[in-house]
Amino acid sequence: MIPLPGGKTVRVVWTPPERPNGVISEYRILSYRVHPPQSTPDETVIADTSVLNATITALQPYTTYEIRIQVFTVGGSAVGPGKNVTTEESGILYCSCFC
């Protein structure tokens, strides 16, 4: 993770699952605010499955989020483990998440 100026943005990078259940059709980045808890995640949809990174915007400065990557195939979907990241008061935070 590399903090940069901003405060409302998180850069997410992931690797595809080692053994997907079929051809990957879509990724979704799920972001949950940790405190106060957010029960429904904000979603960023990545339809181009060759893209393995995204920037999440419109976050709150100096706030902790749990980021998860969800992968979709014809066989269903799976969600990878979460990773917490905290936005800076005025910075972009880079987060590497792996399915």
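Structural data are supplied above this passage.
Residues numbered from 1 in each chain as written. Predicted model: local features only at pLDDT ≥ 70, side-chain atom pairs only at ≥ 80, totals over all residues. Heavy atoms only, no water.

K.L.:
Give me the lowdown on the overall build of the protein chain, citing residues and values where you can.
P.N.:
A tally of regular secondary structure across the protein chain gives zero helices and eight strands. Tracing the protein chain from N to C terminus, the helices and strands come up as β-β-β-β-β-β-β-β. Sequence-distant contacts, at least 24 apart, represent 68% of the contacts inside the protein chain between residues at least 6 apart. Summed over its atoms, the accessible surface of the protein chain is roughly 5,700 Å², and 53% of this surface lies on carbon and sulfur atoms. (Helix = DSSP H or I, 4+ residues; strand = E, 2+ residues; numbered from the N terminus. Contact = heavy atoms within 4.5 Å. Areas by Shrake-Rupley, 256 points an atom, 1.4 Å probe, with all protein chains shown as cover.)

K.L.:
Break down the side chain of Thr87 for me, with residues and values.
P.N.:
Relative to the assigned elements, Thr87 resides in the loop between β7 (83-86) and β8 (91-96). A polar contact is formed between the side chain of Thr87 and the backbone oxygen of Gln60, at a distance of 2.6 Å. (Polar contact = N/O pair within 3.5 Å; in protein donor to acceptor, adjacent residues only side chain to side chain.)

K.L.:
Can you tell me about the pattern of salt bridges, naming the residues and giving the values?
P.N.:
Here the structure, examined in full by the defined rule, presents three salt bridges. Where Glu43 meets Arg28, a salt bridge forms, and the shortest distance between an N and an O atom there is 3.3 Å. In this pair, Glu43 sits in strand β3 (residues 42-46) while Arg28 sits in strand β2 (residues 24-33), placing the two residues 15 residues apart along the sequence. Here the salt bridges do not stand alone but share partners, grouping Glu26, Arg28 and Glu43 into one network. (Salt bridge = Lys/Arg side-chain N within 4 Å of Asp/Glu carboxyl O.)

K.L.:
Describe the pairing of strand β4 (residues 53-56), naming the residues involved and giving the relevant values.
P.N.:
Across the two faces of β4 the burial differs, with Ala54 and Ile56 buried and Asn53 and Thr55 not buried at all. When strand β1 (residues 6-13) meets β4, the two strands line up antiparallel, connected through four bridges. Of the residues in β4, the one forming a bridge with Val12 is Ala54. (Buried < 20%, exposed > 50% of the residue type's maximum accessible area, 1.4 Å probe, protein only. Pairing = 2+ DSSP bridges.)

K.L.:
Give a description of unusual backbone geometry that names residues and reports values.
P.N.:
For the peptide bond that leads from His35 to Pro36, omega is -5°, which places it in the cis range. Relative to the helices and strands, Pro36 is located in the loop between β2 and β3. One non-glycine residue, Ala58, adopts positive backbone phi at about 65°. In this structure Ala58 comes out as exposed when scored by relative accessible area, which is 71%. Unlike most non-glycine residues, Tyr62 shows phi in positive territory, near 50°. With respect to the element layout, Tyr62 can be found in the loop between β4 and β5 (64-73).

K.L.:
Break down the environment of Val74 for me, citing the residues and quoting the values.
P.N.:
If you trace the backbone, Val74 turns up in the loop between β5 and β6 (76-79). A sequence separation of 49 residues divides Val74 from Ser25, and the C-alpha atoms of the two residues are 7.4 Å apart.

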